[in-house]
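Listed here are the chains, written in short residue letters.
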Amino acid sequence: PQIANAAGYAAGIALGFVLNRGFVFRDDGHIGKTGARYLGAVAVAFVANQAVLFAVGHLYGDAALARLAAQLTAMASYTLLLYALCRTWVFRGA
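Each chain carries its own residue numbering, running from 1 in the written order of its sequence. In keeping with the predicted nature of the model, local features appear solely for residues at pLDDT of at least 70, side-chain atom pairs appear and are counted solely at 80 or more, and the whole-chain, interface and lining totals rest on all residues. Values reported for side chains reflect all heavy atoms of the structure, with hydrogen atoms and water molecules removed beforehand.

Asker: Any details on the packing of helix H2 (residues 31–60) against helix H3 (residues 64–90)? Residues and values, ideally.
Answerer: Axes here refer to lines fitted to C-alpha atoms; in helices the fit is confined to the stretch in contact. Angles between the N-to-C directions go from 0 to 180 degrees. Each helix corresponds to a stretch of at least 4 residues labelled H or I by DSSP, and each strand to a stretch of at least 2 residues labelled E; elements are numbered beginning at the N terminus. Running from N to C, H2 and H3 point in directions that differ by 155°, and their axes come no closer than 8 Å. Between H2 and H3, the crossing angle belongs to the class labelled roughly antiparallel. Both H2 and H3 take part in a crossing whose hand is right-handed. Angle categories are assigned with fixed cut-offs, so that under 35 degrees is roughly parallel, over 145 is roughly antiparallel, 65 to 115 is roughly perpendicular, and the rest are oblique. Whether a crossing is left-handed or right-handed is set by the direction in which the near helix is turned from the far one by less than a right angle, anticlockwise for left-handed and clockwise for right-handed.

Asker: I'd like a rundown of the pattern of salt bridges, residues and numbers included.
Answerer: Oppositely charged side chains are able to pair whenever their charged atoms sit close together. Here a salt bridge means any side-chain nitrogen of Lys or Arg lying within 4 Å of a carboxyl oxygen belonging to Asp or Glu. For the structure shown, the criterion picks out 2 salt bridges. With its nearest N and O atoms 3.5 Å apart, the salt bridge here joins Arg67 to Asp62. Burial status follows relative accessibility: with a 1.4 Å probe on protein chains alone, a residue under 20% of its type maximum counts as buried, one over 50% as exposed, and anything between as partly exposed. The class for Arg67 is partly exposed, based on a relative accessible area of 44%.

Asker: Describe unusual backbone geometry, with residues and values.
Answerer: Despite not being glycine, Arg26 has its phi angle at roughly 45°, a positive value. Topologically, Arg26 is positioned in the loop between helix H1 (2–24) and H2. Among the residues examined, Arg26 registers a relative accessible area of 62% and is labelled exposed.

Asker: Quick one: what's the story with the nonpolar core, residue by residue and with numbers?
Answerer: With 11 residues, the main nonpolar core is built from Phe17, Phe25, Tyr38, Ala41, Val42, Ala45, Leu82, Leu85, Cys86, Val90 and Phe91. Between two residues, a contact is recorded if the distance between any of their heavy atoms is within 4.5 Å. Those residues in contact with Cys86 that lie beyond four places of it in its chain are Phe25, Tyr38, Phe91 and Arg92. Among the buried residues, those of types Ala, Val, Leu, Ile, Met, Phe, Trp, Tyr and Cys that are joined through side-chain atoms within 4.5 Å form a nonpolar core.

Asker: Describe the environment of Val44, listing the residues and the values that go with them.
Answerer: With respect to the helices, strands and loops of the structure, Val44 is situated in helix H2. For Val44, a relative accessible area of 44% gives the class partly exposed. Taking the C-alpha atoms as reference points, Val44 and Ala76, 32 residues apart in sequence, are found 14 Å from one another. Beyond its immediate chain neighbours, meaning those up to four positions away, Val44 contacts Leu81 and Leu85.

Asker: Please give an account of the environment of Val47 that cites residues and values.
Answerer: Topologically, Val47 is positioned in helix H2. With relative accessibility at 55%, the residue Val47 sits in the exposed group. In sequence terms Val47 and Ala66 are 19 residues apart; their C-alpha atoms lie 21 Å from each other.

Taken by themselves, the reported measurements are silent on function.
See the structure below:
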């Protein structure tokens, strides 16, 4: 299960980079430099996601609905932060 999970994350990150680069931001910069920045942005967003999940999880409590709300809050933080990083840093020339 861990290998499949890692492969799924890698495929998702690669697809996200391709789609963001080609369609969302229409970037034609150096793929290596942009790719490295994208990986950095994904890492920052992931760490922030985990921090929000931990903090909000303790704030909301341990009930099933509270855990779901914490997950949704953390997912939103990841999505918004990754978009902001892509817009302002990764694909800044687009």
